[in-house]
Amino acid sequence: MYKVSNLLKSGVHFGHSISKLNPKMKPYILRKNKGIHIIDLYKTIKKLCLSCNYLKKIATSGKVVLFVGTKRQAKNIIAYYAQKINMPYINERWLGGLLTNFSTIQKSIDKMNVIEKNKSLGLYNLISKKERLLISRVHSKLKKNLGTVSQLQVLPDCIIIVDINKEKPAVNEALKLGIPIVGISDTNSNPDKINFPIPGNDDNSKSINLILYYISNAIEIGIDLYLKNKNNQNK
């Protein structure tokens, strides 16, 4: 399933410049080439297998996975794969306290969902223009901050992160709560900080896309098994 040739074509093996090396990544480095570190793709595949098996397992149990990636190269890819398997995602800005202060954030999510529901029912046609404008402003602000996590009704059981360095606030909150993390770990990262590091290029869109393709596919298989088991139990 996971071929070195596919990873090579997508540039998963390209690390950062030698000067940016995090010593914790040394075990995953194959060699140096023209001032950059080259990642050992066989070790990438090993870690990718472990990550995908874990994600498939928790998805089979009907658990929730949150996708996080706010850097330019990851934004659209994160949204595509998360939406494809109907999982929540964050690709704009990490909202401080999203996990550690979830109950408060959840109230804002519920408020946004209520506004959207009432709007779809046409209830706001019954109030004044001034009141509609105020509600619209509140909704716009909530949508900007919470739009992509509106379906997050409970704390996620796992978080998938692109660039664990850039998404430090998300990593820290997850670690504080003991929420497992699956993340792409480039040569400038500390893989020991997360539960399931995947050694790979986190700056190239092709690399990010391929890794998330494998990850989302594993989750999708798990979801299908969960639904199948659920249907069998209801018969």
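This is a predicted model, so every value here is computed, not measured. (Residues numbered from 1 in each chain as written. Predicted model: local features only at pLDDT ≥ 70, side-chain atom pairs only at ≥ 80, totals over all residues. Heavy atoms only, no water.)

Another point: the overall build of the protein. Scanning the protein for helices and strands turns up seven helices and eight strands. A principal-axis box enclosing the C-alpha atoms of the protein has dimensions of 70 × 50 × 30 Å. Long-range contacts, defined here as pairs at least 24 residues apart, represent 64% of the contacts in the protein between residues at least 6 apart. Approximately 12600 Å² of the protein is accessible, and the part contributed by carbon and sulfur atoms is 52%. Across the protein, 38 positive and 15 negative side-chain charges occur, with their mean positions spaced 1 Å apart. (Helix = DSSP H or I, 4+ residues; strand = E, 2+ residues; numbered from the N terminus. Contact = heavy atoms within 4.5 Å. Areas by Shrake-Rupley, 256 points an atom, 1.4 Å probe, with all protein chains shown as cover. Lys, Arg positive; Asp, Glu negative; His and termini not counted. Charge placed at Lys NZ, Arg CZ, Asp CG, Glu CD.)

Right, let's get into helix 4 (residues 102–120). Here helix 4 contains 19 residues, and its C-alpha end-to-end distance of 27 Å stays within 8% of the 27 Å for a straight helix at 1.5 Å per residue. Three or more residues of helix 4 are buried, namely F102, I105, Q106, I109, M112 and I115. On the buried face of helix 4, the contacting elements are helix 5 (129–146). Just downstream of helix 4, G122 is the residue with a positive phi angle, here 80°. (Expected span 1.5 Å × (residues − 1). Buried < 20%, exposed > 50% of the residue type's maximum accessible area, 1.4 Å probe, protein only.)

What follows is about the sheet that holds strand 7 (residues 181–185). Spatially, 5-4-6-7-8 is the arrangement adopted by the five strands of the open sheet, whose pairing is parallel. Looking along the sheet, the strands with just one partner apiece sit at the ends: strand 5 (89–90) and strand 8 (196–199). The sheet contact formed by strand 4 (residues 65–68) and strand 6 (residues 158–162) spans four bridges and is parallel. Each bridged residue has a counterpart across the sheet, and for V68 the counterpart in strand 6 is I161. On the sheet, helix 2 (residues 41–60) packs against strand 4, strand 6, strand 7 and strand 8 and is oriented at approximately 140° with respect to strand 8. (Pairing = 2+ DSSP bridges. Axes fitted to C-alpha atoms, helices over the stretch in contact; angles between N-to-C directions.)

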